Amino acid sequence: METLNSMKILSLYDGISCGQLALQRVKIPYTHYYSSEVDKNCIELTKKKFPKTIFIGDITNVDFNKYKEIDLIIGGSPCQGFSIAGKQHKFDDERSKLILYFFEAIKICKPKYFLLENVVMNKESTNIVSRYLNLSFVKINSSLVSAQSRNRLYWTNIPFIGLPKDKNLYLKDVVYYTKENLLIYQSLKNLIENKKVIIPIKSLKFKAKCLSCNPWQPFNTTIIYDKTIDNLRYLNCVELERLQTLPDNYTKGYSDIARKKMIGNCWTVDIISWFFSFLKEYTIWFTL
């Protein structure tokens with residue numbers, strides 16, 4: 001086995017470190033992985049999964065001059081203010097303004113490669129991001145690699161070709177039956193009886209609706225028929241992880257609410273690993 005190069009990576013808004021999962025999947029070695037994150041659960045989970053991670057704190061306090069030898073900067077900045085599904089506060093939203101630190105990091109560190117992900121936003125906001133980064137975006141739906149319909153915009157100078165291959169995955173491919181499903185059904189039944197939710201019902205032959213950053217929202221995206229309880233229910237945490245192409249029980253050990261928030265906030269890992277697969281100079285080549 002010959003290692004051509006090893007990378008130094010700066011991950012902003014790192015979340016549960018899906019960047020490291022994606023690097024592992026395409027067998028790209030790295031010597032340093034700097035993580036900027038503020039959520040305590042995300043940091044704790046990343047420490048468990050990737051103990052060599054170097055945590056650098058809140059992005060608003062990072063001195064990017066210390067990271068001028070970085071090869072790759074990645075990040076999915078908070079999206080709530082940009083989302084066309086929300087109020088579209090654009091750059092007036094305090095969460096949206098955090099994207100400016102990504103631009104600052106690019107300007108100061110001058111990495112060879114970068115990858116920025118965000119929601120589908122209005123034309124004005126999209127053009128502003130493209131001007132800052134001096135390139136256009138590509139829109140990719142996670143439905144190509146997962147059972148979830150999740151449109152996202154990606155800005156990157158990684159020289160990718162085409163789009164990910166469609167794996168033709170549907171809800172039937174992510175169903176995970178557990179004893180806890182009965183409790184999920186009971187919660188749904190109570191909400192319906194109290195007329196607190198009106199939710200479209202999806203069959204297992206369809207894609208799940210897009211997961212949300214709101215910890216309660218994953219409950220409200222997709223309902224399936226569960227043959228083990230002969231009734232309808234919400235998706236459970238393992239199913240949500242599968243929608244994001246995370247390993248089963250990657251977020252286990254936390255409350256369901258905490259898990260749903262982390263899963264809803266994270267990247268679809270197989271989309272990111274697809275981008276990384278084009279970093280050929282950093283991949284590991286296996287020789288007989």
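Bear in mind the structure is a predicted one, so any value in this text is a computation, not a measurement. (Residues numbered from 1 in each chain as written. Predicted model: local features only at pLDDT ≥ 70, side-chain atom pairs only at ≥ 80, totals over all residues. Heavy atoms only, no water.)

How would you explain the overall build of the protein chain if you had to name every residue and give the values?
A count of helices and strands for the protein chain gives 8 helices and 11 strands. A burial count over the protein chain gives 52% of its 288 residues as buried. Taken as a whole, the protein chain presents about 14300 Å² of accessible surface, with 53% of it coming from carbon and sulfur. (Helix = DSSP H or I, 4+ residues; strand = E, 2+ residues; numbered from the N terminus. Buried < 20%, exposed > 50% of the residue type's maximum accessible area, 1.4 Å probe, protein only. Areas by Shrake-Rupley, 256 points an atom, 1.4 Å probe, with all protein chains shown as cover.)

Provide a residue-level description of the pairing of strand E2 (residues 7–12), including the pertinent values.
The element E2 is extensively covered by neighbouring structure, given that 5 of its 6 residues are classed as buried. By the bridge criterion, 6 bridges tie E2 to strand E3 (residues 30–36) in an arrangement that is parallel. Directly across from Met-7, in E3, lies its bridge partner Tyr-30. You can see the chain leave E2, run along helix H1 (residues 18–25) and come back into E3, and the turn it takes is right-handed. Bridge count for E2 against strand E5 (residues 72–76) is 4 bridges, and the pairing is parallel. Each residue of the ladder has a partner; that of Ser-11, found in E5, is Ile-74. (Pairing = 2+ DSSP bridges. Right-handed = clockwise from strand over helix to strand, strands pointing away.)

Describe the sheet that holds E2, naming the residues involved and giving the relevant values.
Overall, mixed pairing links the 7 strands, which are arranged E4-E3-E2-E5-E6-E8-E7 in an open sheet. Across the chains shown, the open sheet's two edge strands, defined by having one partner strand only, are strand E4 (54–55) and strand E7 (138–141). The pairing of E3 with E4 spans 2 bridges and is classified as parallel. Residue pairing for E4: Tyr-34 is matched across the bridge by Ile-54. Here helix H4 (residues 123–133) sits on the sheet in contact with strand E6 (113–119) and strand E8 (151–156), set at roughly 20° to E8. (Contact = heavy atoms within 4.5 Å. Axes fitted to C-alpha atoms, helices over the stretch in contact; angles between N-to-C directions.)

Which residues make up the packing of helix H3 (residues 99–109) against H4, and what values do they have?
Look at H3 against H4: their axes get within 10 Å of each other, and the N-to-C directions meet at 15°. With respect to each other, H3 and H4 are oriented roughly parallel. Judged by the sense of rotation from one axis to the other, the crossing of H3 with H4 is right-handed. Of the residues in H4, those touching H3 at Ile-99, Leu-100, Phe-102, Phe-103 and Ile-106 are Val-129, Tyr-132 and Leu-133. (Parallel < 35°, antiparallel > 145°, perpendicular 65-115°, else oblique. Left-handed = near helix turned anticlockwise from the far one by under 90°.)

Which residues make up the pairing of E6, and what values go with them?
Burial analysis of E6 places 7 of its 7 residues in the buried class, the great majority of the element. Where E5 lies against E6, 5 bridges are found, and the strand directions are parallel. Following the sheet pairing, Gly-76 is matched in E6 by Glu-117. Where E6 meets E8, 5 bridges bridge the pair, whose relative direction is antiparallel. Of the residues in E8, the one forming a bridge with Val-119 is Arg-152.

Run through the packing of aromatic side chains, naming residues and quoting values.
A full pass over the atoms with the stated rule returns 9 aromatic pairs. Here the aromatic rings of Tyr-30 and Tyr-33 are separated by 5.8 Å at their centres, their planes lie at 55°, and the arrangement is tilted. With 5.4 Å between their ring centres and 90° between their planes, Phe-160 and Phe-275 make a pair best called edge-to-face. Of this pair, Phe-160 sits in the loop between E8 and helix H5 (181–193) while Phe-275 sits in helix H8 (residues 269–276), placing them 115 residues apart in sequence. A relative accessible area of 0% means that Phe-275 is categorised as buried. Feature note: the residues Tyr-154, Phe-160, Trp-274, Phe-275 and Phe-278 constitute an aromatic cluster, connected by ring pairs. Over the face of the ring belonging to Phe-55 we find Lys-47, whose NZ or CZ atom lies 5.6 Å from the ring centre. Positioned above the aromatic ring of Tyr-170 is the side chain of Lys-207, whose terminal nitrogen or guanidinium carbon lies 4.8 Å from the ring centre. (Phe/Tyr/Trp six-rings, centres within 6.5 Å; stacked < 30°, edge-to-face > 60°. Lys NZ or Arg CZ within 6 Å of the ring centre and 35° of its normal.)

Please provide a residue-by-residue account of the side chain of Ser-273, values included.
With respect to the helices and strands, Ser-273 occurs in helix H8. Here Ser-273 falls in the buried class, since its relative accessible area comes to 9%. Here Asp-270 takes part through its backbone oxygen, which lies 3.1 Å from a polar atom of the side chain of Ser-273. Discounting residues that sit within four places of it in the chain, Ser-273 has contacts with Ala-22, Arg-25 and Val-26. (Polar contact = N/O pair within 3.5 Å; in protein donor to acceptor, adjacent residues only side chain to side chain.)

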